[in-house]
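The primary structure of each chain is shown beneath.
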Amino acid sequence: MGNPNRVAVVACAQTELRAAWSNAQHVDLISSTVSNLLKGSGVALADIDFVIDSGSDVLDGRSISNCGFLGAMGAHHKEESRVEEDGLWAASYGINKIAAGAAEIGLIIAYSKPSESDVSLFYASQVEPFYQRPVGFDHLAASGLQAQQYVVRGGGREADFAKVVVRSWEKASGNPHVAVGQVPSHDEIAAGEYVASPLRRHMMSRPVDGCVAILLASADVARRLSATPVWVTGMGSAMDSHAFAVRAPGRVEACEVAAKAAFARSGVDPRTVSLAEVSGSSAAGEMMVLEALGLAKPGQGFEAYGGSTAINLSGGALPADPIMATGLVRLAEACRQMTVPGDYGLSNVKSAIVHATGGVGMQSHCVFTLEV
Amino acid sequence: MLQAPDTYPIDRPPLKSTISMAYTLTPGRAAGTFMVETGKRRFVGSRCVSSGLVCVPAQDFCPRTGGADIELVVAPEAGTLTGFTQTAAGILATIRIDGADFDFVHKIVDSSLVDLKIGARVQAVWADASTQSILDISGFQLAPNAPIGKIAPLSDPADPLPMKPYPLDLHYEHAFGPFYGRLFDEIGSRHRIMGVRSTSGEGVLIPPREFDDISFTRTGTWVTLPDTGTVSAMSVIHLEFRGQKEPPPYIYAEIQLDGAVTRLIHSIKGIDMSRASELVKPGTRVRAVWSTSRTGSLSDISHFEPIPELNSANATDM
């Protein structure tokens, strides 16, 4: 068995992430994103070996929704697969195909229109139906219980929740890809109504509509296409127990496992990484993820924001969570920060961590390391 | 940045849609037994023989080791609060039943959030009547003096519930977008079918779209299509099934409107159904019969019907 081929992200495109794209269908968002991606990329549709996409039939309100979106994705008569997980998993599938030598250029797409449905039903559909769903257990309850355990057993501070949210929204307001509107103040957040105590209204991620697409290429092709290919040097993913109450309280173990696998492959050390783009379902969730990734000590997730690694300059998932596309957006954001670091006030950028999560109470996790 | 049309002149409210899934779930042995035994006010857990770990409520496998060598047990009705939150559904807590090795989630009743403390003793509150579900226990209430219970063998276990009806309704409000928006607006307001010119060949695409599926190039101008076309395939539906709009038999056909390169699926009526497969075939010329309603949906076309003067000449050729 030979060494795997190196794989790079060579282009990214996305729609604006907004609370509701009420005047566009999935296909409108997807076709315009893919067409923008190809513009100036040096790649024509005919050059693309495969298309892998992420979305949710339950959110989309149609079975095997990718079949209806095929033409909009540019996937007519192409090898196409759908991953029913965040788009970062779709990217890992595509990277493995290219790394294995089975293809040279891949198109990865993730899309989401949670504004068209009831997000609580989307999560309820994922909950165990005999013991958990009937008592009202859902993603909100899981996130509330997780936040309480983060404080009680994980060593986190409840007072940091509002600070994380303010920071996220301020960063997002400077991000041209997120429609933010009014940035909530610290006091507004800290005094907001409880949605799942100790979490208040703004402390859960805000579902938004949007589409994101990236182009992956093998090393030879990437060097020809891009002056600044972003190399994916490590990947790992892991899933925790479906039963929320049997997971380790106060931390996200599956994220730790996924990160360990990615770091072992690439040799990237989280203590010296230049930047990170991570997904958190809640303010507490984001800090727990930072700890699991080794960007902060246990219970001190908040310290990561003041450290040497630039965390979620995009604003992260709290102000803009296009469910199923959130992690792929993180990858696109990290790639932009690595290719034009000056635009983000960064210099000497060498490496990045990208993180995606999915499921009720962040059951599954996917971690990439990127290098330039 | 996005070029998706941001504004367009047609202001259509979203399409409301509900998917009703009439699931019939199979609980299996552990959950199936649990849901019958709660009717006898026995709280069933499971012990994995190989790991020795106890799970309450009962599972068919050990949550830690995956071991499937399970024996069912009777669990005490008391335990300890390990965590809690409050949502619109009420107070939900993680509870460790005495003798169990894992927590589970249930409601807390008869208390407010400020009364709760991690480590507090709680006791099950049984519902007045059994619904053969986890809700046979309404929830748990604070019980400072609840004695520490023990796991006991389950004698004469009931036969597991074989099936649990589980209807799930999912509600949607789909955006039309600029292309479907104009299509359905024209249908509703003018009884006019409009497509866009394909860029990968001669002809018109319906439904209209911004990008041609095959060439992935931008589509061309809007085109009004006639409401006549040719059947390219048809089927007489005899089966009854959930979600049907009318009782069988009826005809569904793929119809290629004159000038279109795509096919539209609609029903064909206005014929003697006992001669359906003789009167409607690939090649049959059909015309849309518009309904009197104007809802801005495909049902504004009531159905298609054969055009007798165009079909009689070549009827014997097919």
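Residues numbered from 1 in each chain as written. Chains lettered and ligands numbered in written order. Predicted model: local features only at pLDDT ≥ 70, side-chain atom pairs only at ≥ 80, totals over all residues.

Let us look at the sheet that holds strand 3 (residues 54–55) of chain B. Residue and element names in this part refer to chain B. The antiparallel open sheet is built from four strands, whose spatial order is 3-2-4-10. Each of the sheet's edge strands pairs with one partner strand only, and the pair in question is strand 3 and strand 10 (152–153). Relative to strand 3, strand 2 (residues 44–48) runs antiparallel, the two being bridged by two bridges. Within strand 3, the position partnered with Arg-47 by the bridge is Val-54. (Pairing = 2+ DSSP bridges. Helix = DSSP H or I, 4+ residues; strand = E, 2+ residues; numbered from the N terminus.)

You'll often see interface size given as the accessible area lost when the parts meet. Between chain A and chain B, the contact holds 51 residues from the first and 53 residues from the second. If you list the elements that add at least two residues to the side of chain A that touches chain B, you get helix 1 (26–38), helix 6 (139–152) and strand 5 (194–196) of chain A. (Contact = placed C-beta atoms within 7 Å.)

So, about the sheet that holds strand 9 (residues 275–277) of chain A. If you trace the ten strands from one edge of the open sheet to the other, you get 3-2-4-7-1-8-12-11-9-10 (chain A), paired in mixed fashion. A single partner strand is all that each edge strand has here, and the edge strands are strand 3 (79–83) and strand 10 (310–311) of chain A.

Time to look at helix 1 of chain A. For an α-helix the count is 3.6 residues per turn, leaving residues at separations of three or four pointing the same way. All names here are of chain A. Over its 13 residues, helix 1 extends 18 Å from the first C-alpha to the last, a length consistent with the 18 Å expected when each residue adds 1.5 Å. With 13 of 13 residues buried, helix 1 lies mostly within the body of the structure. Directly beyond the C-terminal end of helix 1, a positive phi value near 75 degrees is found at Gly-40. (Expected span 1.5 Å × (residues − 1). Buried ≥ 20, exposed ≤ 12 C-beta atoms within 10 Å, placed from the backbone.)

Annotation of chain B at the domain level lists domain 1 (18–166) and domain 2 (174–317). For domain 1 of chain B and domain 2 of chain B, the distance between their C-alpha centres works out to 54 Å. (Domains from an automatic or database assignment.)

Looking now at the nonpolar core. One finds A:Ile109, A:Ile214, A:Leu293, A:Leu328 and A:Leu331 to be the most contacted residues of the largest nonpolar core, which totals 199 residues. Two domains each donate at least three residues to this core, and these are domain 1 (18–166) and domain 2 (174–317) of chain B. In contact with A:Ile109, not counting residues within four places along its chain, are A:Ile30, A:Val34, A:Val51, A:Asp53, A:Met73, A:Cys211 and A:Ala213. (Core = buried A, V, L, I, M, F, W, Y, C linked by C-beta atoms within 7 Å.)

Residues and elements named next belong to chain A. In this model helix 10 (residues 253–266) runs 20 Å from its N-terminal to its C-terminal C-alpha over 14 residues, within 8% of the 20 Å that 1.5 Å per residue would give. Taken together, the buried positions of helix 10 are Ala-254, Cys-255, Glu-256, Ala-258, Ala-259, Ala-262, Phe-263 and Ser-266. On its buried side, helix 10 packs onto strand 8 (230–239), helix 11 (283–292) and strand 12 (364–371). Just beyond helix 10, the residue with positive phi is Gly-267, at close to 80 degrees.

If you trace the backbone, B:Glu210 turns up in the loop between strand 13 (204–205) and strand 14 (222–225). Counting along the chain gives 32 residues from B:Glu210 to B:Pro178, while the straight-line C-alpha distance between them is 8.9 Å. The contacts of B:Glu210, once residues within four sequence positions are left out, are A:Asp28, A:Ser31, A:Ser32, B:Phe179, B:Arg218 and B:Thr219.

Let us look at the environment of B:Ala288. Residues and elements named next belong to chain B. Along the chain, Ala-288 falls in strand 18 (residues 285–290). Each C-alpha atom, one on Ala-288 and one on Phe-241, is 26 Å from the other, the two residues being 47 residues apart in sequence. Apart from the residues lying within four places of it in its own chain, the contact partners of Ala-288 are Asp-227, Ile-301 and Phe-304.

Right, let's talk about the pairing of strand 15 (residues 228–237) of chain B for a bit. Residue and element names in this part refer to chain B. Note that strand 15 and strand 18 share three bridges and pair antiparallel. Across the sheet, Thr-230 pairs through a bridge with Arg-285, a residue of strand 18. Where strand 15 and strand 16 (residues 250–257) come together, eight bridges link them in antiparallel fashion. If you follow Met-234 over to strand 16, its bridge partner there is Ala-253.

So, about the pairing of strand 2 of chain B. Residue and element names in this part refer to chain B. Counting buried positions along strand 2 gives five out of five residues, so the element sits mostly inside the fold. Side chains of strand 2 alternate between two faces, with Val-44, Ser-46 and Cys-48 and Gly-45 and Arg-47 buried alike. Between the end of strand 2 and the start of strand 3, which pair antiparallel, lie five residues, with Gly-52 showing a positive phi angle near 75 degrees.

Okay, the packing of helix 7 (residues 159–173) of chain A against helix 11 of chain A next. Residues and elements named next belong to chain A. Contact pair helix 7 / helix 11: the axes reach a minimum separation of 8 Å and the direction vectors enclose 90 degrees. Judged by the angle between their axes, helix 7 and helix 11 are roughly perpendicular. Contact residues: helix 7 offers Asp-160, Phe-161, Val-164 and Val-165, while helix 11 offers Ala-283, Ala-284, Glu-286 and Met-287. For the contact of helix 7 with helix 11, the residue count by class is six nonpolar, no polar and two charged. (Axes fitted to C-alpha atoms, helices over the stretch in contact; angles between N-to-C directions. Parallel < 35°, antiparallel > 145°, perpendicular 65-115°, else oblique. Nonpolar A, V, L, I, M, F, W, Y, C, P; charged D, E, K, R; others polar.)

Attention now moves to unusual backbone geometry. Cis rather than trans, the peptide bond between A:Ser197 and A:Pro198 has omega equal to 5 degrees. Considering the arrangement of structural elements, one finds A:Pro198 in the loop between strand 5 and strand 6 (199–200). That bond from B:Pro248 to B:Pro249 is cis: its omega, 5 degrees, falls within 30 degrees of zero. Within the secondary structure, B:Pro249 sits in the loop between strand 15 and strand 16. One non-glycine residue, B:Arg41, lies in the positive phi region at around 55 degrees.

Residues and elements named next belong to chain A. The interhelical angle for the contact between helix 6 and helix 11, taken along N-to-C directions, is 55 degrees, at an axis separation of 9 Å. Looking at the two axes, helix 6 sits oblique to helix 11. Judged by the sense of rotation from one axis to the other, the crossing of helix 6 with helix 11 is left-handed. Here helix 6 contributes Ser-143, Gln-146, Ala-147 and Tyr-150 to the contact with helix 11, which in turn contributes Ala-284, Gly-285 and Met-288. Classifying every residue of the contact of helix 6 with helix 11 by side-chain character gives four nonpolar, three polar and no charged. (Left-handed = near helix turned anticlockwise from the far one by under 90°.)

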